[in-house]
Amino acid sequence: WCGGATPRREPVSPTQCGWISIRAVDAARCRAVRLGASGQTGSFVGEKIGFIGVGRMGSNMVSRLIAAGHVLTIYDPVASAAAPAAAMGARVAGSVADAAALCTVVLASVPGPADARETARLIADSTKLEVFIDLSTSGPAAAQAIALLLAPRGLAAIDAPVSGGVKGAAAG
């Protein structure tokens, strides 16, 4: 979901991705960011991004975002999980809300739907935030609940589950 996006279709098989359709009014808020693949960088390099959950999946995504030139503020409830990203230059926040305080985009790679909803609740009052992207496999009901929570605050919510597991996240 992205604000008023249409629900994503369930995949035909575990190897096929679902899709979302974003209304034009929400599309402007849900900017596409081309990340640094093969040495190419997108127009939003240097954007301040918050990243919640830098464990086995999140850490691989964080390292790619940093390598692409993005400024990251990260948070993980397990402090030691943040150390590798901090060594690469990420700012380590003391809480979820602190991670979102200076960012326009927050990505969350958390264990499940309850964690994703709680993360959305904790960042909902951030004054700079524009877009929340849930990377966990939360499902349509959680995605809709998150969108309904954030929409009244003018925040876009994107349900973007990551597939491929840790091996896929490492491979990019």
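Cut-offs applied
- Residues numbered from 1 in each chain as written.
- Predicted model: local features only at pLDDT ≥ 70, side-chain atom pairs only at ≥ 80, totals over all residues.
- Heavy atoms only, no water.
- Helix = DSSP H or I, 4+ residues; strand = E, 2+ residues; numbered from the N terminus.
- Buried < 20%, exposed > 50% of the residue type's maximum accessible area, 1.4 Å probe, protein only.
- Contact = heavy atoms within 4.5 Å.
- Areas by Shrake-Rupley, 256 points an atom, 1.4 Å probe, with all protein chains shown as cover.
- pLDDT = per-residue confidence, 0-100.
- Axes fitted to C-alpha atoms, helices over the stretch in contact; angles between N-to-C directions.
- Parallel < 35°, antiparallel > 145°, perpendicular 65-115°, else oblique.
- Nonpolar A, V, L, I, M, F, W, Y, C, P; charged D, E, K, R; others polar.

S.K.: What is the right way to look at the overall build of the protein chain in this model?
M.R.: The number of helices and strands found in the protein chain is seven helices and six strands. In the protein chain, the succession of helices and strands from N to C terminus is α-β-α-β-α-β-α-β-α-β-α-β-α. Burial analysis of the protein chain (172 residues in total) assigns 41% to the buried set. Considering only contacts in the protein chain between residues 6 or more positions apart, those separated by 24 or more positions represent 62%. For the protein chain, the computed accessible surface area is about 8,800 Å², with 59% contributed by carbon and sulfur atoms.

S.K.: Help me out: how do you make sense of the confidence of the model for the protein chain in this one?
M.R.: Parts of the model with low pLDDT should not have their predicted coordinates read in detail. Averaged over the protein chain, the pLDDT score is 78; the fraction of residues at 70 or greater is 73%. Overall, residues 1-42 carries pLDDT values under 50, and its contacts beyond four positions in sequence, including any with other chains, amount to 69 contacts.

S.K.: I'm lost on the packing of helix H5 (residues 113-123) against helix H6 (residues 140-150) in this one. Help?
M.R.: Helix-helix packing is characterised by the crossing angle of the two axes and by the distance between the axes. For the pair H5 and H6, interaxial distance at closest approach is 10 Å and the crossing angle is 5 degrees. Taken together, the axes of H5 and H6 are roughly parallel relative to one another. Taken together, the residues of H6 that come into contact with H5 (itself represented by Pro 113, Ala 116, Arg 117, Ala 120 and Arg 121) are Ala 142, Ala 145, Ile 146, Leu 149 and Leu 150. Taken together, the residues of the contact of H5 with H6 break down into eight nonpolar, no polar and two charged.

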